[in-house]
Amino acid sequence: MKVRIFTAIAAASTLLLAACGTADQDSATPAASGGLTTIKLQLQWFYQAQFAGYIAAVDQGFYKEQGLDVQLLEGGVDIVPQTVLAQGKADYAVAWVPKALASREQGAGITDVGQIFARSGTYQVAWKDSGISTAANLKGKKVGNWGFGNEFELFAGMTKAGVNPGKDVTLVQQQFDMQALLKKEIDAAQAMSYNEYAQLLEAKNPATGKLYTADDFSIIDWKTEGSSMLQDAVWANTEKLSDPAYQQQTVKFLAGTIKGWAFCRDNPEKCRDLVVAKGSKLGKSHQLWQMNEVNKLVWPSAGGIGVVDDTAWKQTVDISMTTKNQTGDTVLKKAPEGLAFTNDYINQAITQAKAAGIDVNGASFQPQTVTLTEGGA
C-alpha cells in the first residue's frame, strides 16, 4: 500500500477533530479551579515516557507552583494535536514541527513556543545481514513507514541519497509496531529510538531462544544522513499570544514544563514509574528505555531546553519545501509566514528556572544503560 501523500496529510490535519475523546472537551478558555487556572495540553500520542516531563510536572506540583491546573489530554491514532489546539479544544499541544507547519499552511493559527526535543529520534531499521545501512541501500527494497506525516525524514533521506521514493523503492504502509520487519515482510522498518526500536530488542529470536540484540540489526539514523527534522514542540494559539494574560500563562506553563523535564533527566526511574502509573500499556523496562532515549533527545541543550535552534529550524523548513514524495508533492509550498515560532516565552521561562536553581542545559547529562526484558515487562 502506498503511503499517503504529503498534501493529503496536511489537508486532513486541518479537518480532523480528536475522535478519541477531546472533541467534546470544551473550550481552551482558562477557568478557575481552587485558585488555579485550568488549562489543557493535548499530547501527540498515548501516555508514554515521550511525555514524561509533562506528566511529572503535573504529579510533582510544578504546574501548581505556577498557579496552573494542567489537564493532559491523551493522544491517539485519530487525534491531530495541532488541530485540537487550533480549534480551541486545548490551550497548548505537543506536535512534530513539519506536521504542525503543514497544518499552519492550511490555516491553523499555531506557534512553536517551546522546542522540547532538540534532536530527532527517527530511525529506519533493517536486519544486519540485509546489507542496508544507509539511505542509498534502500533502492529496490520494500520500505515500511507509518505515513500520516511521519515519513518526511525518510523521503528526504532517500532523495538526498539519489533514491526516488516514487520509483526506486516499494513503499509499504507499516503498522505502529515492528512485526512486519520481524516476519521479514519488509526490508526496512520505521522506528523511534525510544519505542519501536526497543520492541525489536524485546523480541525473542526463535533460532536461539534468546532476545535479539543490537548486533542483529542495522540502523539508518536520519541525524547522520542529514535529513533529520525537529519533532516534539509545545505549540500555542497564535491569536491568543496577542493577549498579555495568555502570554504570562505561556511563560508559567513553560516554566513548569522545564522543571518537569529537568526532574525526569535527574530521576529517570521515578518518571518511568509515573508514566506506568498514568496508565501506559507499555512495561517498566520498556518505559525506562524510552525515558533514557527521550532524555537523549532533550539533553544536553546548549541554548537551554525548549529554545528553537535557528539552524535546525531552517533545515526542517528547507526539507519541508524541497523534498518530494512519489507524486511530486512537498510538505510545504512556501516558507512559513507570520509567527511560526518564537523564543520570547521560553527564554523568560528559562530565566525564571535559572533563578530557581534549575539546570536548564543539562551539560553533564549521561544516559543510562538499560536492560530490556522480553516484551518490555
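Model, not experiment: these values are computed from the prediction.

Participant: I keep staring at the confidence of the model for the protein chain and nothing clicks. Help me out?
Facilitator: Low pLDDT means the predicted atomic positions in that stretch should not be read closely. When pLDDT is averaged across the protein chain, the result is 91; 91% of the residues are at 70 or more. Low pLDDT, under 50, characterises residues 1-30; the stretch is placed with 82 contacts to residues that sit more than four places away or in other chains.

Participant: Explain the pairing of strand 7 (residues 142-145) here, please?
Facilitator: Every regular strand shows the same layout, with side chains that alternate between the two sheet faces. For strand 7 and strand 8 (residues 170-173), the ladder comprises 4 bridges, and the chain directions are parallel. Counterpart to G144 in the pairing with strand 8 is V172. For the crossover from strand 7 across helix 6 (residues 152-160) to strand 8, the handedness is right-handed.

Participant: Would you mind showing me how to read the state of the cysteines here?
Facilitator: Put plainly, a disulfide is one covalent bond tying together the sulfur atoms of two cysteines. A complete count under the given rule lists 1 disulfide for this structure. Across the disulfide from C264 sits C271; the S-S distance is 2.1 Å. Here the disulfide of C264 and C271 is left-handed, its torsion about the S-S bond being about -90 degrees. In this structure, C264 and C271 share a single accessibility class: buried.

Participant: What is the right way to look at the nonpolar core in this model?
Facilitator: Nonpolar side chains tend to gather and get buried jointly when the protein is soluble and globular. If you look at the biggest cluster of nonpolar residues, it comprises 55 residues, and the most contacted ones within it are L41, Y54, F253, I258 and W261. Among the elements that line this core, the one with the most residues is helix 10 (residues 244-266), at 10 residues. When residues no more than four places from it in sequence are discounted, the contact partners of F253 are I39, L41, Y63, L68, V70, Y92 and V234. By size, the runner-up hydrophobic cluster in this structure holds 22 residues, among which are A95, I110, A156 and L332.

Participant: What should I look at first to understand the packing of aromatic side chains in this one?
Facilitator: For any two aromatic rings, the description comes down to two numbers: the centre-to-centre distance and the angle of the planes. For the structure shown, the criterion picks out 16 aromatic pairs. Each ring, one from Y92 and one from F253, has its centre 4.8 Å from the other, and the planes form 0 degrees; the classification is stacked. Of the two residues, Y92 is situated in strand 4 (residues 92-95) and F253 in helix 10; the sequence distance between them amounts to 161 residues. Residue classification places Y92 among the buried residues on the basis of a relative accessible area of 0%. The ring of W96 has K99 lying over it, and the distance from NZ or CZ to the ring centre is 4.7 Å. Above the face of the W299 ring, R265 is positioned so that its terminal group lies 4.3 Å from the ring centre.

So, how was this worked out
- Residues numbered from 1 in each chain as written.
- Predicted model: local features only at pLDDT ≥ 70, side-chain atom pairs only at ≥ 80, totals over all residues.
- Heavy atoms only, no water.
- pLDDT = per-residue confidence, 0-100.
- Contact = heavy atoms within 4.5 Å.
- Pairing = 2+ DSSP bridges.
- Helix = DSSP H or I, 4+ residues; strand = E, 2+ residues; numbered from the N terminus.
- Right-handed = clockwise from strand over helix to strand, strands pointing away.
- Disulfide = S-S within 2.5 Å.
- Buried < 20%, exposed > 50% of the residue type's maximum accessible area, 1.4 Å probe, protein only.
- Core = buried A, V, L, I, M, F, W, Y, C linked by side-chain atoms within 4.5 Å.
- Phe/Tyr/Trp six-rings, centres within 6.5 Å; stacked < 30°, edge-to-face > 60°.
- Lys NZ or Arg CZ within 6 Å of the ring centre and 35° of its normal.

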